[in-house]
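Chain by chain, the residues run as shown.
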Amino acid sequence: MSANWKNRLLEHYRDHARDLPWRVRPGSNRRPDPYHVWLSEVMLQQTTVATVTPRFARFIEKWPEVSDLASASREVLLAEWAGLGYYARARNLHGCAQQVVALGGFPEDEAGLRELPGIGAYTAAAIAAIAFDADSVPIDTNVERVVARIEGIEGPLAETRSEVHDAARALWPKERAGDFAQAMMDLGATICRPKTPRCGECPVSGDCAAFATGAPEAIPAPKVRKARPERRGTAWWIERDGAVWLVRRPAKGMLGGMAALPGSEWTDGAWPEEPEQAVRHVFTHFALTLAIEPRDVPPEGEGWWQPIDRIDEAGLPTLYAKVVEAMTLVS
DNA sequence: AATTCGGGGGA
DNA sequence: TCCCCAGAATT
């Protein structure tokens, strides 16, 4: 047992690392595939490991190399992303893959990676450290929470973020920065959890200021949450010969570029009359109740007839998948 | 500095 | 129900 908490953390990581498909074993001589590291990091932005794991496998099976992803069509890529949310990630993923191919490979330093679409401060540092063994400091919410607790930095992260980041950069080791990052993230995900930390299993609790207070879960302070507005809208269900009329949403904004059912705008007001059928879907910053209105004739504009028995191939985001679910349960 | 972007796992 | 997740881009 090492006296230094950073070494104890790395030893704990060596013995208890989560076995994730985009990883190599800690201490391995091999480096992970930069394509795998990049794809997993983008998928994991605001998305849990449990959700990402099966979707990552499907992407790699479908597009084994970054060049395969670059040459895929935008529509097919978005359809494969359907249900994962934050669809700007999928649009940027496509552009990023094409730039990487044009560059002849991934940039190996943080600054080069940061230039690519969909790669921000965290992801650039993570790829540089994990794939290329750079001494960068990837700070995600796990790292923020673990550092805030070890250092005893109280208050909501919105107020303490710069202090926490300074502390993280100060304590981060120059060697094995990628292993240290993954060790910190595993600790945050499995032991140093937001609500009920398992300090009894933690290899560094003896060096943790939050543990010493007796209420480690109180750091960081919970964020103040805004109320979620209610919105309403209508989706048109236009069915003919076993097919339904779909449209593609505008490239930017909510569900940008995704396949969708046609319909009205979403507004704060009520409907003229209460709908017979509706689905409810909760987004991060508003909740939507979407009335389903059967129609006979497609609206003006682009669209296509999608066979309902092959609706999966359209790649509908979850909101519209719920509508399809509701309409096909009836018949 | 605030807001906009999805969705689901797990308590 | 509610919280939170390997954040980025835009305003």
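Each chain carries its own residue numbering, running from 1 in the written order of its sequence. The lettering of chains begins at A and the numbering of ligands begins at 1, in the order of writing. In keeping with the model being predicted, local features are shown solely for residues with a pLDDT of at least 70 and side-chain atom pairs are shown and tallied solely at 80 or more, while totals for entire chains, interfaces and linings include all residues. Computation of side-chain values: all heavy atoms of the structure, hydrogens and water removed.

J.: Explain the UniProt feature "domain: HhH-GPD" (unreviewed entry) in chain A to me, using residue names and the numbers behind them.
T.: UniProt positions are given in the numbering used here, feature names are shortened, and annotations may be inferred rather than shown by experiment. Mapped onto this numbering, the UniProt entry gives "domain: HhH-GPD" (unreviewed entry) at residues 43-190. Summarising residues 43-190: 69% helix, 0% strand, and an end-to-end C-alpha distance of 19 Å. Secondary structure elements follow DSSP: runs of H or I of four or more residues count as helices, runs of E of two or more count as strands, with numbering from the N terminus.

J.: So what's going on with the protein's contact with DNA strand B? Which residues, and what values?
T.: In the neighbourhood of DNA strand B, 20 residues make up the surrounding shell, with Thr47, Tyr87, Leu255, His281 and Thr284 lying closest. A share of 63% of the atoms of DNA strand B within 4 Å of the protein falls on sugar and phosphate groups. Two N or O atoms count as a polar contact when they lie within 3.5 Å, although within protein this holds only if one can serve as hydrogen donor and the other as acceptor, and sequence-adjacent residues are included solely when both atoms are side-chain atoms. Tyr86 is positioned such that a nitrogen or oxygen atom in its backbone is 2.9 Å from a sugar or linking oxygen of DNA strand B. Here Leu255 contributes a backbone N or O atom positioned 2.5 Å from a phosphate oxygen of DNA strand B. When the residues that make up the surface near DNA strand B are grouped by side-chain class, the tally is eight nonpolar, ten polar and two charged. Only heavy atoms are used to decide nearness, and a residue is near a molecule or strand if one of them lies within 4 Å of it. Gly falls in the polar group here, along with every residue not listed as nonpolar (Ala, Val, Leu, Ile, Met, Phe, Trp, Tyr, Cys, Pro) or charged (Asp, Glu, Lys, Arg).

J.: Would you mind going over the pattern of salt bridges in detail, with residue names and values included?
T.: A carboxyl oxygen of Asp or Glu within 4 Å of a side-chain nitrogen of Lys or Arg is what we treat as a salt bridge. Summed over the entire model, instances satisfying the criterion amount to 15 salt bridges. Asp19 serves as the salt-bridge partner of Arg25, at 3.7 Å between the closest nitrogen and oxygen.

J.: Lay out the protein's contact with DNA strand C in plain terms, naming residues and giving numbers.
T.: Around DNA strand C sit 27 residues in total, of which Glu41, Gly118, Thr123, Asp140 and Arg145 are the nearest. The side chain of Arg18 places a nitrogen or oxygen atom 3.0 Å from a base nitrogen of DNA strand C. One of the side-chain nitrogen or oxygen atoms of Arg225 is found 3.0 Å away from a phosphate oxygen of DNA strand C. Counted by class, the surface near DNA strand C contains ten nonpolar, nine polar and eight charged residues.

J.: So what's going on with unusual backbone geometry? Which residues, and what values?
T.: Following Ile219, the chain continues into Pro220 via a peptide bond in cis, with omega recorded as -5°. On the secondary structure map, Pro220 appears in the loop between helix H12 (209-213) and strand S1 (230-240). For Leu255, which is not a glycine, the phi torsion comes out positive at approximately 55°. Partly exposed residues are those whose accessible area sits between 20% and 50% of the maximum for their type, while under 20% is buried and over 50% is exposed, using a 1.4 Å probe and protein chains only. What makes Leu255 buried here is its relative accessible area of 8%.

J.: Can you break down the layout of surface pockets residue by residue, with the values?
T.: Residues are called lining when one of their atoms sits within 4 Å of a cavity or pocket point, these points coming from a 1 Å grid over the protein atoms alone, where a cavity is a set in which a 1.4 Å probe fits but cannot get out and a pocket is an open set with protein on both sides within 12 Å along at least five of seven lines. Grid points are joined across faces, edges and corners, and a volume is the space filled by probe spheres set on the points. Empty space within the largest pocket amounts to approximately 1900 Å³. Looking at the largest pocket, it is lined by 48 residues, and the ones nearest its centre are Gln46, Thr141, Asn142, Arg145 and Lys223. Elements with a contribution of two residues or more to the lining of the largest pocket: helix H2 (34-43), helix H8 (121-132), helix H9 (141-151), helix H10 (157-171) and helix H11 (177-190). In this structure, the second largest pocket occupies an estimated 620 Å³ of space. As for the second largest pocket, its lining consists of 22 residues, of which Leu84, Gly85, Tyr86, Phe283 and Thr284 are closest to the centre. Breaking the lining of the second largest pocket down by element, the ones donating at least two residues are helix H6 (88-103), strand S4 (278-282) and helix H13 (318-330).

J.: Give me the domain arrangement of chain A: which residues, what numbers.
T.: Residue ranges for the domains trace back to a domain assignment, done automatically or taken from a database. Its domain assignment divides chain A into domain 1 (5-218) and domain 2 (230-330). With centres defined by C-alpha atoms, the gap from domain 1 to domain 2 works out at 35 Å. What makes two residues a contact is simply this: any of their non-hydrogen atoms within 4.5 Å. At the junction of the two partners, domain 1 supplies eight residues and domain 2 supplies 14 residues. By buried area we mean the combined loss of accessible area, with a 1.4 Å probe, across both parts when two parts are placed together. Counting the surface lost from both domain 1 and domain 2, the interface buries some 720 Å², and carbon and sulfur atoms represent 59% of this. When the buried surface of domain 1 facing domain 2 is broken down by residue, Leu78, Tyr87 and Arg91 rank first, second and third, together holding 54% of it. Between the two partners, domain 1 and domain 2, sit zero salt bridges. In this assembly, domain 1 and domain 2 are joined by two residue pairs in polar contact (both at pLDDT 80 or more). A total of three residues in the side of domain 1 that touches domain 2 trace back to one element, the largest contributor, which is helix H5 (residues 74-81). Residues belonging to the side of domain 1 that touches domain 2 are distributed by class as follows: five nonpolar, one polar and two charged.

J.: I'd like a description of the packing of H2 against helix H3 (residues 49-62), backed by residues and values.
T.: H3 packs onto H2 with a crossing angle of 140° between their chain directions and a minimal axis gap of 10 Å. Put simply, H2 runs oblique to H3. Crossing of H2 over H3 shows right-handed handedness. In this structure, H2 uses Tyr35, His36, Leu39, Ser40 and Met43 to contact H3, whose residues at the interface are Val52, Arg55, Phe56, Phe59 and Ile60. Taken together, the residues of the contact of H2 with H3 sort by class into seven nonpolar, two polar and one charged. Between the N-to-C directions of two axes lies an angle of 0 to 180 degrees, each axis being a line fitted to C-alpha atoms and, for a helix, fitted only over the stretch in contact. To sort the angles, those under 35 degrees are grouped as roughly parallel, those over 145 as roughly antiparallel, those from 65 to 115 as roughly perpendicular, and the leftovers as oblique. Two helices crossing with the near one rotated counterclockwise from the far one by less than a right angle form a left-handed crossing, whereas a clockwise rotation gives a right-handed crossing.

J.: Go over the side chain of Thr234, please, and point to the residues and values.
T.: Here Thr234 shows up in strand S1. Given the relative accessible area of 12%, Thr234 is considered buried. Not counting the four nearest positions on each side in its chain, Thr234 is found in contact with Pro262, Gly263, Ser264, Trp271, Leu290, Ala291 and Glu293.

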